[in-house]
Amino acid sequence: AQSVTQLDSQVPVFEEAPVELRCNYSSSVSVYLFWYVQYPNQGLQLLLKYLSGSTLVKGINGFEAEFNKSQTSFHLRKPSVHISDTAEYFCAVRSTGFQKLVFGTGTRLLVSP
Amino acid sequence: DAGITQSPRHKVTETGTPVTLRCHQTENHRYMYWYRQDPGHGLRLIHYSYGVKDTDKGEVSDGYSVSRSKTEDFLLTLESATSSQTSVYFCAISEDGTGELFFGEGSRLTVL
């Protein structure tokens, strides 16, 4: 079975500070990994994805994530956040051979001035 | 933006009544999904479809049924709504099933 753990339900940070949102996954086979963002009262949109190749993945809005197979992690980072980054962020995993994408419980990023 | 439309966007109903949510896409994508979003649970897969008339269950399928008679439409039915089905429901589509999903705006359902 595949599962995703986002340890932090909420991360407060000041504007222009760096941020890391943590994601750990569990799967017995190879995986595809994703980060999605949800702004208030909207659907989710893809931030970045890891399918294969380079373990450092760059996404939209200056976000990046690193796939670490030995630690089964896919943490999301941004060197300097903006107020507009305030949103909920979801990590998701799909194991190869399965059609189902499993989401974590989400991390709410709160950026204040 | 991917062409996904969910209807209705908001609905209030009473326990025991049937409810149907509709997802319509204009992208001709093969895969369609229904998720529910609840605080503390993130998104949980209810059902998904990998082609016309081809569907499968997700992790929280009890009390829900789906149908897909055309590529563009994926219907989610609650045969007899219960208060535990109060939630925000999201439809999503995928061209290749890798996990890159495009989401609709959501349908907020309240069961009294």
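Peer 1: What exactly am I supposed to notice about the overall build of chain B here?
Peer 2: Helices and strands together make up the secondary structure of chain B, namely zero helices and 11 strands. Helices (α) and strands (β) of chain B occur, in sequence order from the N terminus, as β-β-β-β-β-β-β-β-β-β-β. Taken against the 2.2 N^0.38 rule, which gives 13 Å for 112 residues, the C-alpha radius of gyration of chain B at 13 Å falls within 12% of a compact globule. Principal-axis analysis of the C-alpha atoms gives chain B an extent of 35 × 30 × 25 Å. For chain B, the proportion of its 112 residues judged to be buried stands at 51%. Long-range pairs, those at least 24 residues apart, make up 54% of the contacts in chain B between residues at least 6 apart in sequence. Both charge centroids of chain B, one from 11 positive and one from 15 negative side chains, sit 5 Å from each other.

Peer 1: Would you explain the interface of chain A and chain B in this entry?
Peer 2: When the parts come together, some accessible area is lost, and that loss is often what is quoted as the size of the interface. Taken together, the contacts link 18 residues of chain A with 20 residues of chain B. Between chain A and chain B, a total of about 1600 Å² is buried, with carbon and sulfur atoms accounting for 53% of that surface. Of all residues in chain A, Q99, K100 and F103 of chain A bury the most surface against chain B, accounting for 32% of the area lost on that side. The interface formed by chain A and chain B contains one salt bridge. Residues E100 of chain B and K49 of chain A are paired through a salt bridge, measuring 2.5 Å at the closest nitrogen-oxygen approach. Summed over the shared surface of chain A and chain B, the number is six residue pairs in polar contact (both at pLDDT 80 or more). Here the side of chain A that touches chain B takes four residues from strand β5 (residues 31-38) of chain A, the largest share from any one element. The residue makeup of the side of chain A that touches chain B, split by class, is eight nonpolar, seven polar and three charged.

Peer 1: Explain the pattern of salt bridges to me, please; I cannot follow it from the model alone.
Peer 2: All names here are of chain A. Enumeration over the complete set of coordinates arrives at 11 salt bridges over all chains. Among the ionic pairs, E64 bridges to K58, the shortest N-O distance being 2.8 Å. With a relative accessible area of 62%, K58 lands in the exposed category. The shortest N-O distance in the salt bridge between E66 and R77 comes to 3.7 Å. With E66 in strand β8 (residues 64-68) and R77 in strand β9 (residues 73-78), the pair connects residues that are 11 residues apart, well separated along the chain. Here the salt bridges share partners, and the residues they tie into one network are E20, E66 and R77.

Peer 1: What is the right way to look at the sheet that holds strand β1 (residues 4-7) of chain B in this model?
Peer 2: Two modes of strand pairing occur in sheets, parallel and antiparallel, and in both the strands are linked by backbone hydrogen bonds. All names here are of chain B. Strand order in the open sheet formed by four strands is β1-β3-β8-β7, and the pairing between neighbours is antiparallel. The sheet terminates laterally at β1 and β7 (64-70), the two strands that pair on one side only. Strand-to-strand twist across the sheet, computed as the mean angle between neighbouring axes with direction ignored, equals 15°. Taken together, the four bridges between β1 and strand β3 (residues 19-25) define a ladder with antiparallel strand orientation. Along β3, the bridge assignment pairs I4 with Q25.

Peer 1: How should I be thinking about the nonpolar core in this particular structure?
Peer 2: Nonpolar side chains tend toward joint burial in soluble globular proteins. The biggest cluster of nonpolar side chains holds 29 residues, and the ones touching the most others in it are W35, L76 and Y89 of chain A. For this core, the secondary structure elements donating two or more residues are β2 (10-14), β3 (19-21), β5, β6 (44-50), β8, β9, β10 (87-95) and β12 (107-112) of chain A. Setting aside residues no more than four positions away along its own chain, Y89 of chain A makes contact with Q6, L21, W35, Y36, V37, L47, F63, L76, G106, T107 and L109 of chain A. Formed by 19 residues, the second largest nonpolar core is a distinct cluster that contains V60, Y64, V66 and A81 of chain B.

How each quantity is defined
- Residues numbered from 1 in each chain as written.
- Chains lettered and ligands numbered in written order.
- Predicted model: local features only at pLDDT ≥ 70, side-chain atom pairs only at ≥ 80, totals over all residues.
- Heavy atoms only, no water.
- Helix = DSSP H or I, 4+ residues; strand = E, 2+ residues; numbered from the N terminus.
- Rg over C-alpha atoms; globule rule 2.2 N^0.38 Å.
- Buried < 20%, exposed > 50% of the residue type's maximum accessible area, 1.4 Å probe, protein only.
- Contact = heavy atoms within 4.5 Å.
- Lys, Arg positive; Asp, Glu negative; His and termini not counted.
- Charge placed at Lys NZ, Arg CZ, Asp CG, Glu CD.
- Buried area = accessible area lost by both parts, 1.4 Å probe.
- Salt bridge = Lys/Arg side-chain N within 4 Å of Asp/Glu carboxyl O.
- Polar contact = N/O pair within 3.5 Å; in protein donor to acceptor, adjacent residues only side chain to side chain.
- Nonpolar A, V, L, I, M, F, W, Y, C, P; charged D, E, K, R; others polar.
- Pairing = 2+ DSSP bridges.
- Axes fitted to C-alpha atoms, helices over the stretch in contact; angles between N-to-C directions.
- Core = buried A, V, L, I, M, F, W, Y, C linked by side-chain atoms within 4.5 Å.

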